[in-house]
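# Observations on chain architecture
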Amino acid sequence: MLIKVAFVGQSFSQKRQSYLLNELSKYFLVYALVPNWSEKLKYLGVPKQVLINEKEVKFNVIWHKVLFVDKPLIQFYPTVIFSLYKIKPKIVVLNLYHSLMGILVGIFCKVTRTPFIVISALNPTIKYKKFERFMLRILYLIPDFVVVLTNGMKIKLIEELKVNEDKIFIIPESGYNVKESIKENDNNYVIILYTGRHVYEKGLFYLIFAFKKLIDKGYKAKLILCGEGIITDALRKFSTKLGLNELIEFRGYVEEEELQKHFEMSDVIVYPSIKIKNWEEQFGYSVLEGMSNGLATIVTDCGSLPELVGNAGIIVPQRNVERLEEAMEYLIRNKEKLNEYKKLSIERAKEFSLKNVSKKWKNLIEVALKIRK
């Protein structure tokens, strides 16, 4: 008989997370307690296309849609506790800790002696005040295990919140299918892709300026910007001012199928993020998606991007237009290196494949099961 494992949190109704749950359902009886994912539902800041379409769900996961769009979020809390009581899982996994939900689910697990795993949403850049630090230290006494995406988050938990290192596990997110081979580039024309939010901290003004320098040197290239945001209009005006209208495409939010076409036609994924107050890159999902599709990678040394890319891409200093331009120029001038970096991207992305990430989760759940025996 399969062991019941309950996953709680609205992010599990996104496609990337749901694919992981489906992998885990090969080993466990997986329950997902999430808000209703109907077509009318739109999470703030989450494009509709990344949500599960109820009509397309053919997973083994048992979905508990415990909140409807016309009800306040606070009604989600007691419904989750009631559902957990009915399901009686052997393990509870909660995403987005540091909330009333985390406290309630944690108390439920303590009372019922159910192993409790939390996926921490801790931002390693935030400087906590003494009282906040004190409360978080108490809060992190509740879970039996804590999952973080990167080593930077792990260090923050250990050094600032004094969390026991033995109960911290680094398990990155996944959900991407990694290609088996690359599309080699054998010409002098390169397509550079950015996909993500258009906000200041993504460093897109620096990217456009660096691209301008590249073009001025006579290199043939196109820059495609997928996504939208509060600075999209400003980016368009900046591109026009630099005379790049014919060489930069603003594609807006694109559906998954169209986005895949952009990955297939492109050669390089670039992510020029910059650190601002209380924010830096915590993972880099779009970068991993580009790597999974066999694109050479250029990123800045912002947050966890170097940890994600490793030796599989080019890492440049933040806000450094010259180094960013040099990295793009290097890949255009050296086709062998461009294709080599594409292959390295795929090899690196395999470490974050659904198969590997689900194995890490399987191992953690098996460890957690032993603590109550």
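Residues numbered from 1 in each chain as written. Predicted model: local features only at pLDDT ≥ 70, side-chain atom pairs only at ≥ 80, totals over all residues. Heavy atoms only, no water.

### Description of the confidence of the model for the chain
As a reminder, the rule being used: Per-residue confidence from the predictor is reported as pLDDT, which spans 0 to 100. Throughout, a contact is declared for two residues whenever any of their heavy atoms are within 4.5 Å.
Taken as a whole, the chain shows an average pLDDT of 86; of its residues, 87% reach a score of 70 or greater. When the criterion is pLDDT under 50, residues 37-51 qualifies, and its contacts beyond four places in sequence or with other chains add up to 34 contacts.

### Here we look at the side chain of K202
Heads up, the rule is: By the criteria applied, helices consist of DSSP H or I runs no shorter than four residues and strands consist of E runs no shorter than two, each listed in order from the N terminus. Working definition: with a 1.4 Å probe on protein chains only, accessible area under 20% of the residue-type maximum means buried, over 50% means exposed, and in between means partly exposed. A 3.5 Å cut-off defines polar contacts: any pair of N or O atoms within that distance qualifies, except that in protein one atom must be a possible hydrogen donor and the other a possible acceptor, and neighbouring residues in sequence count only when both atoms are side-chain atoms.
Residue placement: K202 occurs in the loop between β8 (189-195) and α6 (204-216). In this structure K202 comes out as buried when scored by relative accessible area, which is 5%. At 2.5 Å, the side chain of K202 and the side chain of E281 are in polar contact. With residues up to four places along the chain from it excluded, the contact list for K202 reads Y194, R197, Y271, P272, S273, W279 and E281.

### Quick look at the side chain of T297
Within the secondary structure, T297 sits in strand β12 (residues 296-300). Reaching out from T297, the side chain makes a polar contact with the side chain of S345 at a distance of 3.2 Å. Once residues lying within four places of it in the same chain are set aside, the contact partners of T297 are I269, V287, M291, V309, G313, I314 and S345.

### Digging into the environment of S83
Note on placement: S83 falls in helix α2 (residues 76-87). Among the residues examined, S83 registers a relative accessible area of 8% and is labelled buried. For the pair S83 and L33, spaced 50 residues apart in the sequence, the C-alpha separation amounts to 8.0 Å.

### Here we look at the packing of aromatic side chains
Quick reminder of the rule: Side-chain rings of Phe, Tyr and Trp (the six-membered ring for Trp) are treated as a pair once their centres are within 6.5 Å; stacked means planes under 30 degrees apart, edge-to-face means over 60, and tilted covers the remaining angles. Only when the NZ atom of a Lys or the CZ atom of an Arg is both within 6 Å of the ring centre and within 35 degrees of the ring normal do we say a charge sits over the ring.
Evaluation of the coordinates by the stated rule reveals 7 aromatic pairs. Here F145 and F169 contribute two aromatic rings whose centre-to-centre distance is 5.7 Å and whose plane-to-plane angle is 80°, an arrangement assigned as edge-to-face. Taken as a pair, F145 in strand β6 (residues 145-148) and F169 in strand β7 (residues 168-170) lie far apart in primary sequence, 24 residues in all. Using a relative accessible area of 8% as the deciding quantity, one classes F145 as buried. Seen in terms of ring centroids, Y194 and Y271 are 5.0 Å apart; in terms of plane orientation they differ by 25°. Their pairing is stacked. In this pair, Y194 is assigned in strand β8 and Y271 in strand β11 (residues 268-271), connecting sequence segments 77 residues apart. No difference in accessibility class separates Y194 from Y271, as the two residues are buried. Members of the aromatic cluster, joined through ring pairs, are F283, Y285 and F352. Sitting over the ring of Y85, K88 keeps its end group 4.4 Å from the ring centre.

### Some thoughts on the environment of E184
Checked against the element boundaries, E184 lands in the loop between β7 and β8. Between the alpha carbons of E184 and L295 there is a distance of 9.9 Å; along the sequence they are 111 residues apart. Once you skip the residues sitting within four places of it in the chain, E184 turns out to touch N339 and K343.

### A look at the nonpolar core
Put simply, the test is: The definition of a nonpolar core used throughout is a set of buried Ala, Val, Leu, Ile, Met, Phe, Trp, Tyr and Cys residues joined through side-chain atoms within 4.5 Å.
Ranked by internal contacts, the top residues of the largest apolar core, which has 80 residues, are L84, L157, I192, L207, F211 and I298. For L157, the contacting residues outside a window of four places in its chain are L122, Y140, V146, V148, K162, V163 and I168. Core analysis: the next-biggest nonpolar cluster, separate from the first, contains 24 residues, V5, L24, A368 and L369 among them.

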